[in-house]
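Listed below, chain by chain, are the residues.
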Amino acid sequence: MLSPHEFTTLMVVRDAPDQIETDRLELRTLIDLRLVTLEPSTAGRQFPCITSDGKALLKALARVSTGCRPGLPGHG
(Lines give C-alpha, C1' and ligand atoms only; values in the text may rest on other atoms or scores of the structure.)
Protein backbone atom coordinates (compact mmCIF):
# COMPACT_ATOMS: atom_id res chain seq x y z
CA MET A 1 0.00 0.00 0.00
CA LEU A 2 1.27 3.47 -0.85
CA SER A 3 1.63 6.19 1.73
CA PRO A 4 -0.17 9.53 1.25
CA HIS A 5 3.20 11.08 0.33
CA GLU A 6 3.77 8.42 -2.34
CA PHE A 7 0.28 8.97 -3.82
CA THR A 8 0.92 12.71 -3.88
CA THR A 9 4.31 12.20 -5.52
CA LEU A 10 2.70 9.97 -8.15
CA MET A 11 0.14 12.70 -8.93
CA VAL A 12 2.87 15.33 -9.19
CA VAL A 13 4.88 13.09 -11.53
CA ARG A 14 1.78 12.79 -13.69
CA ASP A 15 0.98 16.51 -13.69
CA ALA A 16 4.32 18.29 -13.24
CA PRO A 17 7.30 15.92 -13.54
CA ASP A 18 9.74 18.82 -13.75
CA GLN A 19 8.78 19.80 -10.18
CA ILE A 20 10.05 16.56 -8.57
CA GLU A 21 13.57 16.12 -7.25
CA THR A 22 14.86 12.73 -8.37
CA ASP A 23 16.46 11.98 -5.00
CA ARG A 24 13.15 11.82 -3.08
CA LEU A 25 12.57 8.61 -1.13
CA GLU A 26 8.93 8.49 -2.31
CA LEU A 27 10.07 8.60 -5.92
CA ARG A 28 12.48 5.71 -5.33
CA THR A 29 9.58 3.64 -3.91
CA LEU A 30 7.44 4.43 -6.96
CA ILE A 31 10.29 3.42 -9.26
CA ASP A 32 10.78 0.16 -7.34
CA LEU A 33 7.05 -0.55 -7.73
CA ARG A 34 7.30 0.24 -11.47
CA LEU A 35 4.77 3.05 -11.22
CA VAL A 36 7.37 5.60 -12.35
CA THR A 37 10.50 5.44 -14.48
CA LEU A 38 13.39 7.86 -14.86
CA GLU A 39 13.89 8.97 -18.45
CA PRO A 40 16.84 10.90 -19.85
CA SER A 41 16.25 14.45 -21.02
CA THR A 42 18.08 16.40 -23.69
CA ALA A 43 19.84 18.40 -20.96
CA GLY A 44 21.53 15.21 -19.69
CA ARG A 45 19.34 15.14 -16.60
CA GLN A 46 16.82 12.43 -15.73
CA PHE A 47 13.17 13.23 -15.22
CA PRO A 48 10.40 11.04 -13.78
CA CYS A 49 7.74 9.63 -16.06
CA ILE A 50 4.59 7.84 -14.93
CA THR A 51 4.17 4.31 -16.31
CA SER A 52 0.98 2.73 -17.59
CA ASP A 53 0.66 0.93 -14.24
CA GLY A 54 0.98 4.28 -12.44
CA LYS A 55 -1.73 5.79 -14.65
CA ALA A 56 -3.99 2.80 -14.04
CA LEU A 57 -3.52 3.11 -10.27
CA LEU A 58 -4.46 6.80 -10.29
CA LYS A 59 -7.45 6.09 -12.52
CA ALA A 60 -8.65 3.36 -10.13
CA LEU A 61 -8.17 5.71 -7.17
CA ALA A 62 -10.25 8.37 -8.91
CA ARG A 63 -13.05 5.84 -9.49
CA VAL A 64 -13.05 4.79 -5.85
CA SER A 65 -13.01 8.35 -4.52
CA THR A 66 -15.96 9.38 -6.72
CA GLY A 67 -17.83 6.07 -6.46
CA CYS A 68 -21.30 5.39 -5.16
CA ARG A 69 -22.16 6.51 -1.66
CA PRO A 70 -25.12 4.69 -0.14
CA GLY A 71 -27.76 6.96 1.33
CA LEU A 72 -27.18 9.83 -1.08
CA PRO A 73 -29.89 10.61 -3.66
CA GLY A 74 -29.26 8.74 -6.86
CA HIS A 75 -26.66 6.44 -5.27
CA GLY A 76 -28.92 3.61 -4.13
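So, here's what we can say about the structure. Computed from a prediction, not measured in an experiment: that's the story for all the values here. (Residues numbered from 1 in each chain as written. Predicted model: local features only at pLDDT ≥ 70, side-chain atom pairs only at ≥ 80, totals over all residues. Heavy atoms only, no water.)

1. Looking at the side chain of Glu-6
Structurally, Glu-6 can be placed in helix H1 (residues 4–15). Nearest to the buried, unbridged Glu-6 among oppositely charged side chains is Arg-24, at 9.6 Å. If we ignore the near neighbours within four places in the chain, the residues touching Glu-6 are Met-1, Glu-26, Thr-29 and Leu-30. (Helix = DSSP H or I, 4+ residues; strand = E, 2+ residues; numbered from the N terminus. Buried < 20%, exposed > 50% of the residue type's maximum accessible area, 1.4 Å probe, protein only. Lys, Arg positive; Asp, Glu negative; His and termini not counted. Salt bridge = Lys/Arg side-chain N within 4 Å of Asp/Glu carboxyl O. Contact = heavy atoms within 4.5 Å.)

2. What about H1?
Between the first and last C-alpha of H1 there are 17 Å, a value that for 12 residues agrees with the 16 Å anticipated at 1.5 Å per step. Among all positions of H1, only Glu-6, Thr-9, Leu-10 and Val-13 are buried. For H1, the arc enclosing every buried residue in end-on projection is 100°, short of the 170-degree limit, so these residues lie on one face. Relative to its buried face, H1 has exposed residues pointing more than 90 degrees away, namely Pro-4 and Asp-15. (Expected span 1.5 Å × (residues − 1). Arc of directions from axis to C-beta.)

3. Thoughts on the side chain of Glu-26
Looking at the secondary structure, you find Glu-26 in helix H2 (residues 25–32). Given the relative accessible area of 19%, Glu-26 is considered buried. When neighbours within four sequence positions are excluded, Glu-26 is seen to be in contact with His-5, Glu-6 and Thr-9.

4. Re the packing of H1 against H2
Where H1 meets H2, the closest approach of the two axes is 9 Å, and the angle between their N-to-C directions is 80°. Put simply, H1 runs roughly perpendicular to H2. Here H1 contributes His-5, Glu-6, Thr-9, Leu-10 and Val-13 to the contact with H2, which in turn contributes Glu-26, Leu-27, Thr-29 and Leu-30. Looking at the contact of H1 with H2, its residues break down into four nonpolar, three polar and two charged. (Axes fitted to C-alpha atoms, helices over the stretch in contact; angles between N-to-C directions. Parallel < 35°, antiparallel > 145°, perpendicular 65-115°, else oblique. Nonpolar A, V, L, I, M, F, W, Y, C, P; charged D, E, K, R; others polar.)

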